[in-house]
Amino acid sequence: MEAAVASAPIGGDMRKALSHTSMAEQEDFDLSRLLNKPKLNIDRQRSFDDRSLSEFSIGGNIKVGMDGYDYSPGMRSGFDTPLSSVRNSFDPHPIVGEAWEALRRSVVHFKGLPVGTIAAYDHASEEVLNYDQVFVRDFVPSALAFLMNGEYDIVKNFLLKTLLLQGWEKRIDRFKLGEGVMPASFKVSHDPNRGKDTISADFGESAIGRVAPVDSGFWWIILLRAYTKSTGDTFLADTAECQKGMRLILSLCLSEGFDTFPTLLCADGCCMIDRRMGVYGYPIEIQALFFMALKSALSMLKHDAQGKELIERIVTRLQALSYHMRSYFWLDFQQLNDIYRFKTEEYSHTAVNKFNVIPDSIPDWVFDFMPCKGGYFIGNVSPARMDFRWFALGNCVAILSSLATPEQSVAIMDLIEERWEELIGDMPLKICYPAIENHEWRIVTGCDPKNTRWSYHNGGSWPVLIWLLTAASIKVGRPQIARRAVDLAESRLLKDGFPEYYDGKLGRYVGKQARKFQTWSIAGYLVAKMLLEDPSHLGMISLEEDRAMKPLLKRSSSWTC
Ligand code: GLC
């Protein structure tokens, strides 16, 4: 059994803190606008911040210390009782309780304190590999579930623990990695004889392929903001350590060099798709997370001497990045037709076909796949190379971060509805579409036997992604999309033992080498349920568009064709 851990209570002091938090002032996220959307059919009109002050107002202060985490005793034994099912007016599905139990089983403790969740708790599997570690990206949905349930400590401990790990010297052979790199994962080992806990971390030096996780630092910043939004505890983000952590992560990405684009140049395997899958270059997942992390940091960085300079660089980069992504990564029927008719070999700044994409390189499938109504951010854009594949994570994060314009967000949802069978099928949802096969699979994946067509990263279906789809569809005002997807997942997830992924064109088969009781499949489902139940949770992981970044030109015709 997991030790019952007290939740950090929120009280009157928090109320004060929240009233002059820089985040509350800077963000123009107007939840009441969302809640008033007719399609949403929500009976609550209170804003997110109202809710966090009233329902979570259970007395006491949150104290934050880097080493001596100070935990005031909680007012409830929330570890066994999900608040969400107590609070809701809906009948919780029977698998909700099982999912909470499974999530709690995956909690990892360090010196008696919960610090994260392991990737999978699969006893049946012979090979543990690194599934007994706490992955930064995998912990995000767990963290959101805990935050939504009013259990803040585990998230705070995780943020602080990973921050300490960031401070380690990182080396691969004789080469030193950048100071700001956050680990992909860490492992807690218990020595029962000496009664000692030790931690080891992986920054890419043990990972298959030896690639550093570019996404970890971004997820860390995004989670710090979610924690701050959810608890109202601005003290954590304000500590010198967290401010430095953010500065280090962002300094890795904002330095000037040979880049001619504002996007981030990456190696294959540096994100959720952590092995060779042809996503090297400028993958949409990283660009969307980069954008979201920049915006999140903007709301938390202090305007002191060091912060100010960084803030200016962030603002400049955000403008360039959103322009680049919205113009060159966006694909809809009209844009596809334009590319199809592109002239090539254009020289000088008047070129229309800036990256010299040869129309013959457009794959056949995309002409059939592209509906009249709808559009999406393609996988990658670089000189003479457009990867037209659809990637779910990047597109959902683009909506949540407002990298996508409101029109583009609607178009992405239109595409999902128009291409339901391909992108959702029988199990939400495809990590990417379509799969690569035969000769192309050989060249692109390096003959990877795990990534055969319609399996794992190569067109497999990942239940964890359901939380992102749910959040994005609520943001766009179309929660019915999420409901449909959750219904599908609910019909199988528990029966199949919460697998890591499903295989097949429709996602009908439990993945060839999928772990069972994969923590983020469990947490992703819970987060989706809680978001549907109480859409005001969306504020934690959604950012509104800044007026300064509104596009000057509306080009897309996705919704008129
Ligand atoms: C796989 C996934 C990766 C995840 C890890 C642990 O390697 O590709 O995204 O973090 O498993 O679940």
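Residues numbered from 1 in each chain as written. Predicted model: local features only at pLDDT ≥ 70, side-chain atom pairs only at ≥ 80, totals over all residues. Heavy atoms only, no water.

The name an unreviewed UniProt entry assigns to the protein is Alkaline/neutral invertase, from the organism Rhynchospora breviuscula. Quoted verbatim from the Sequence similarities (unreviewed entry) heading of the UniProt record, the comment on the protein is "Belongs to the glycosyl hydrolase 100 family." (UniProt positions renumbered as here; feature names shortened; annotations may be inferred.)

In this section: the pairing of strand β7 (residues 196-202). Pairing geometry for strand β6 (residues 185-191) and β7, over 7 bridges, is antiparallel. Along β7, the bridge assignment pairs H190 with D197. (Pairing = 2+ DSSP bridges. Helix = DSSP H or I, 4+ residues; strand = E, 2+ residues; numbered from the N terminus.)

This brings us to the side chain of E285. Along the polypeptide, E285 turns up in helix α12 (residues 284-298). Residues within four places of E285 in sequence aside, it is in contact with D215, C271, M272, I273, L393 and G394. (Contact = heavy atoms within 4.5 Å.)

Applying the stated criterion to the full structure yields 5 cavities of 30 Å³ or more. Here the largest cavity defines a volume of roughly 100 Å³. As for the largest cavity, its lining consists of 14 residues, and the residues nearest its centre are I273, V279, I284, E285 and F391. Those elements that place two or more of their residues in the lining of the largest cavity are α12 and α16 (392-401). Element by element, the count of residues in the lining of the largest cavity is highest for α16, at 3 residues. For the lining of the largest cavity, the class distribution of residues is 11 nonpolar, 2 polar and 1 charged. Here the second largest cavity is characterised by a volume of approximately 80 Å³. The wall of the second largest cavity is formed by R137, V140, P141, W219, M272, L393, V464, L465, W467, L468 and W520. Counting residues per element, the ones that place at least two in the lining of the second largest cavity are α7 (136-148) and α20 (466-475). For the lining of the second largest cavity, the leading source of residues is α7, giving 3 residues. (1 Å grid on protein atoms, 1.4 Å probe; cavity = no way out; pocket = protein on both sides within 12 Å on 5 of 7 lines; lining within 4 Å. Points joined across faces, edges and corners; volume = space filled by probe spheres on them. Nonpolar A, V, L, I, M, F, W, Y, C, P; charged D, E, K, R; others polar.)

What follows deals with the sheet that holds strand β3 (residues 134-135). Overall, antiparallel pairing links the 3 strands, which are arranged β3-β6-β7 in an open sheet. Each of the sheet's edge strands pairs with one partner strand only, and the pair in question is β3 and β7. Judged from the 2 bridges that link them, β3 and β6 form a sheet pairing that is antiparallel. Among the inter-strand pairings, F135 is bridged to a residue of β6, identified as S185.

Glancing now at the packing of aromatic side chains. Inspection of the entire model under this criterion finds 22 aromatic pairs. Pairing W462 with W520 gives two aromatic rings, centres 6.2 Å apart and planes at 80°, and the pair type is edge-to-face. With a gap of 58 residues between them, W462 in the loop between α19 (438-445) and α20 and W520 in helix α22 (residues 519-533) connect regions that are remote in the sequence. Note on W462: relative accessible area 2%, which makes it buried. (Phe/Tyr/Trp six-rings, centres within 6.5 Å; stacked < 30°, edge-to-face > 60°. Buried < 20%, exposed > 50% of the residue type's maximum accessible area, 1.4 Å probe, protein only.)

A word on the packing of helix α8 (residues 153-166) against helix α9 (residues 214-231). Packing of α8 against α9 leaves a shortest axis separation of 10 Å and a crossing angle of 145°. Classified by chirality, the crossing of α9 by α8 is left-handed. On α9, the residues touching V155, K156, F158, L159, T162 and L163 of α8 are W220, L223, L224 and Y227. (Axes fitted to C-alpha atoms, helices over the stretch in contact; angles between N-to-C directions. Left-handed = near helix turned anticlockwise from the far one by under 90°.)

Surveying the vicinity of the ligand reveals the residues A119, Y131, F135, R137, D138, M272, D274, Y456, H457, E500, Q518 and W520. Here H457 contributes a side-chain N or O atom positioned 2.6 Å from an oxygen atom of the ligand. When isolated, the ligand has an accessible area of 310 Å², and the protein chains bury 95% of it. (Near = heavy atom within 4 Å. Polar contact = N/O pair within 3.5 Å; in protein donor to acceptor, adjacent residues only side chain to side chain. Areas by Shrake-Rupley, 256 points an atom, 1.4 Å probe, with all protein chains shown as cover.)

Three- or four-residue spacings in an α-helix give side chains the same orientation, since the helix completes a turn every 3.6 residues. With 14 residues, α8 should reach 20 Å at 1.5 Å per residue; the first-to-last C-alpha distance of 20 Å fits that figure. The element α8 is largely enclosed, with a buried count of 13 among its 14 residues. (Expected span 1.5 Å × (residues − 1).)

Within this structure, the stated rule accounts for 17 salt bridges. E437 is the salt-bridge partner of R453, the closest N and O atoms lying 3.9 Å from each other. In this pair, R453 sits in the loop between α19 and α20 while E437 sits in the loop between β13 (432-433) and α19, placing the two residues 16 residues apart along the sequence. A cluster of three or more residues bridged by salt bridges with shared partners is formed by K373, D414, E417 and R478. (Salt bridge = Lys/Arg side-chain N within 4 Å of Asp/Glu carboxyl O.)

Here we take up α12. The terminal C-alpha atoms of α12, which comprises 15 residues, lie 21 Å apart, in line with the 21 Å expected from a rise of 1.5 Å per residue. With 15 of 15 residues buried, α12 is to be regarded as a mostly interior element.

Quick look at the packing of α9 against α12 now. Close contact between α9 and α12 brings their axes to 9 Å; oriented N to C, the two are set at 35°. For the element pair α9 and α12, the recorded crossing hand is left-handed. Of α12, the residues touching α9 (which contributes V214, D215, F218, W219, I221, I222 and R225) are E285, I286, L289, F290, M292, A293, S296 and A297. Across the contact of α9 with α12, the residue classes break down as 11 nonpolar, 1 polar and 3 charged.

Cis geometry is adopted by the peptide bond preceding L429, which originates at P428 and carries an omega value of -20°. The backbone of E345 sits at a positive phi, close to 55°, despite the residue not being glycine. Using a relative accessible area of 62% as the deciding quantity, one classes E345 as exposed. With a phi close to 55°, N356 is a non-glycine residue in the positive phi region. Structurally, N356 is set in the loop between α14 (333-340) and α15 (364-369). Taking the relative accessible area as the measure of exposure, N356 reaches 23% and is therefore partly exposed.

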